[in-house]
Amino acid sequence: MSYHIINLAQTRMQQQLVFWGVGSEPDTTDPRRALIVNEEYLNRNLERYDNGRTTRAILTRVVENHTGDWRELVGWPVPEHELEQTGDAA
């Protein structure tokens, strides 16, 4: 399995998913230009790639197939007033 790495601080600041870039490339909002790591490498480096404070690793296939609000991917709540505006409230 492969994972995209989310830069949580930049994601909060920009209010959209921001992925780690590849090599010396800067962070990116384009998942096709993002760093992708395999599961073995991720598990050996959890503090760097999926510590929950500064980074979050998300399965590449989940990123590619997700159609809902981006905050769902990082486990952040969608404000109730936004759900009401889109008609998604239960």
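In case you missed it, the structure is sitting above this.
Since the structure is predicted, the reported quantities are computational estimates derived from the model, not experimental observations.

1. Observations concerning the side chain of Thr55
Argument step 1. When you line up the elements, Thr55 lands in strand S3 (residues 55-59).
Argument step 2. On the accessibility criterion, Thr55 (2% relative accessible area) is buried.
Argument step 3. There is a polar contact of 3.3 Å between the side chain of Thr55 and the backbone nitrogen of Asp50.
Argument step 4. Contact partners of Thr55, with chain neighbours within four places excluded, come to Ile5, Ile6, Leu8, Trp20, Arg48, Tyr49 and Asp50.

2. Regarding the packing of aromatic side chains
Argument step 1. Tallying each qualifying case throughout the model produces 3 aromatic pairs.
Argument step 2. Measuring from centroid to centroid gives 5.6 Å for Tyr41 and Tyr49, while their planes differ by 50°, and the two rings are tilted.
Argument step 3. Residue classification places Tyr49 among the buried positions, given a relative accessible area of 6%.
Argument step 4. Geometrically, the ring pair formed by Trp70 and Trp76 is edge-to-face, given 5.8 Å between the ring centres and 80° between the ring planes.

3. Side note on the environment of Leu17
Argument step 1. With respect to the secondary-structure elements, Leu17 resides in the loop between helix H1 (8-14) and strand S2 (36-38).
Argument step 2. Along the primary structure Leu17 and Ile36 are separated by 19 residues, whereas in three dimensions their C-alpha atoms are 15 Å apart.
Argument step 3. In contact with Leu17, not counting residues within four places along its chain, are Ile6, Thr11, Thr28, Thr29, Trp70, Leu73 and Val74.

Definitions and limits used
Residues numbered from 1 in each chain as written. Predicted model: local features only at pLDDT ≥ 70, side-chain atom pairs only at ≥ 80, totals over all residues. Heavy atoms only, no water. Helix = DSSP H or I, 4+ residues; strand = E, 2+ residues; numbered from the N terminus. Buried < 20%, exposed > 50% of the residue type's maximum accessible area, 1.4 Å probe, protein only. Polar contact = N/O pair within 3.5 Å; in protein donor to acceptor, adjacent residues only side chain to side chain. Contact = heavy atoms within 4.5 Å. Phe/Tyr/Trp six-rings, centres within 6.5 Å; stacked < 30°, edge-to-face > 60°.

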